[in-house]
Amino acid sequence: MAIPLLICDDSNMARKQVARSLPDNWDVDITFATNGVEGLSAIREGKGEMTFLDLTMPEMDGYGVLEHVYNEGLNAMIIVISGDIQPEARERVKNLGAIDFIKKPINKEKLADVLNAYGLM
């Protein structure tokens, strides 16, 4: 059965890059969101059991999404994919429940390593 996968990023290019970086044999049903409000809605609908989340987005940023997911106890394993690699950002997303943090631009090998490390592949 396919895993409901959400890719939430305001950049169309970044969403496509993440989708292209997914392992070829990974059985996922992909949903795209262009901002945090859309992303949170998709997670609430069960479309983001596995979520790749950008931090800097309009309407609601990634931190806001993480706060809602954490406070509402929503079912989502979230990996943040962001260009903001400051130690404070990494610590904050981990404290809000993200399982990992990948620096943009993402590449196929790094993504596969993270997925394997958490037994998601």
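This report concerns the structure included in the present document. (Residues numbered from 1 in each chain as written. Predicted model: local features only at pLDDT ≥ 70, side-chain atom pairs only at ≥ 80, totals over all residues. Heavy atoms only, no water.)

Re the overall build of the protein
Then comes step 1: Broken down by element type, the protein carries five helices and five strands.
Then comes step 2: From first element to last, N terminus to C terminus, the protein shows the α and β order β-α-β-α-β-α-β-α-β-α.
Then comes step 3: Against the globule reference of 14 Å for 121 residues, the protein gives a C-alpha radius of gyration of 13 Å, in line with a compact fold.
Then comes step 4: Dimensions of the protein, computed from the C-alpha atoms along their principal axes, are close to 30 × 30 × 25 Å.
Then comes step 5: Burial analysis of the protein (121 residues in total) assigns 45% to the buried set.
Then comes step 6: In the protein, once contacts between residues fewer than 6 apart in sequence are set aside, the share between residues at least 24 apart is 64%. (Helix = DSSP H or I, 4+ residues; strand = E, 2+ residues; numbered from the N terminus. Rg over C-alpha atoms; globule rule 2.2 N^0.38 Å. Buried < 20%, exposed > 50% of the residue type's maximum accessible area, 1.4 Å probe, protein only. Contact = heavy atoms within 4.5 Å.)

Thoughts on the sheet that holds strand β2 (residues 28-33)
Strands belonging to one sheet form pairs held by backbone hydrogen bonds; the direction of such a pair is parallel or antiparallel.
Then comes step 1: In space, the five strands of this open sheet follow the order β2-β1-β3-β4-β5, with parallel pairing throughout. Two strands bound the open sheet, and with one partner strand each, they are β2 and β5 (100-103). Each neighbouring strand pair of the sheet contributes to a mean axis angle of 20°, computed without reference to strand direction.
Then comes step 2: Pairing of strand β3 (residues 50-53) with strand β4 (residues 77-82) involves four bridges; the strand directions are parallel. Bridging from a neighbouring strand, F52 pairs with I79 of β4. (Pairing = 2+ DSSP bridges. Axes fitted to C-alpha atoms, helices over the stretch in contact; angles between N-to-C directions.)

Points about the pattern of salt bridges
Then comes step 1: Across all of its chains, the model carries six salt bridges by this definition.
Then comes step 2: Where K104 meets D9, a salt bridge forms, and the shortest distance between an N and an O atom there is 2.7 Å. Of this pair, K104 sits in the loop between β5 and α5 (108-117) while D9 is found in the loop between β1 (3-8) and α1 (12-21), placing the two residues 95 residues apart along the sequence.
Then comes step 3: The class for K104 is partly exposed, based on a relative accessible area of 24%.
Then comes step 4: Note that E72 is salt-bridged to R44, the shortest N-O span being 2.5 Å. Of this pair, E72 sits in helix α3 (residues 62-72) while R44 sits in helix α2 (residues 36-44), and the two are 28 residues apart along the sequence. (Salt bridge = Lys/Arg side-chain N within 4 Å of Asp/Glu carboxyl O.)

Focus: the nonpolar core
Then comes step 1: If you look at the biggest cluster of nonpolar residues, it comprises 22 residues, and the most contacted ones within it are L53, L55, L66, V69, I78, V80 and V93.
Then comes step 2: Listing elements by their share of this core, those giving two or more residues are β1, α2, α3, β4 and α4 (87-95).
Then comes step 3: At four residues, α3 tops the list of elements feeding residues into this core.
Then comes step 4: When sequence neighbours within four positions are dropped, the list of residues in contact with V69 reads L40, I43, L74, A76 and I78.
Then comes step 5: With 16 residues, the next largest nonpolar core counts F52, I102, I106 and L120 among its residues. (Core = buried A, V, L, I, M, F, W, Y, C linked by side-chain atoms within 4.5 Å.)

Considerations on the pairing of β4
Then comes step 1: Burial runs high along β4: five of the six residues are buried.
Then comes step 2: Remark: the β3/α3/β4 crossover connection has right-handed handedness.
Then comes step 3: As defined by bridge partners, β4 adjoins β5 across four bridges and the pair is classed as parallel. From the neighbouring strand, I81 faces β5, where its bridge partner is I102.
Then comes step 4: A crossover connection joins β4 to the parallel β5 through α4; in handedness this β-α-β unit is right-handed. (Right-handed = clockwise from strand over helix to strand, strands pointing away.)

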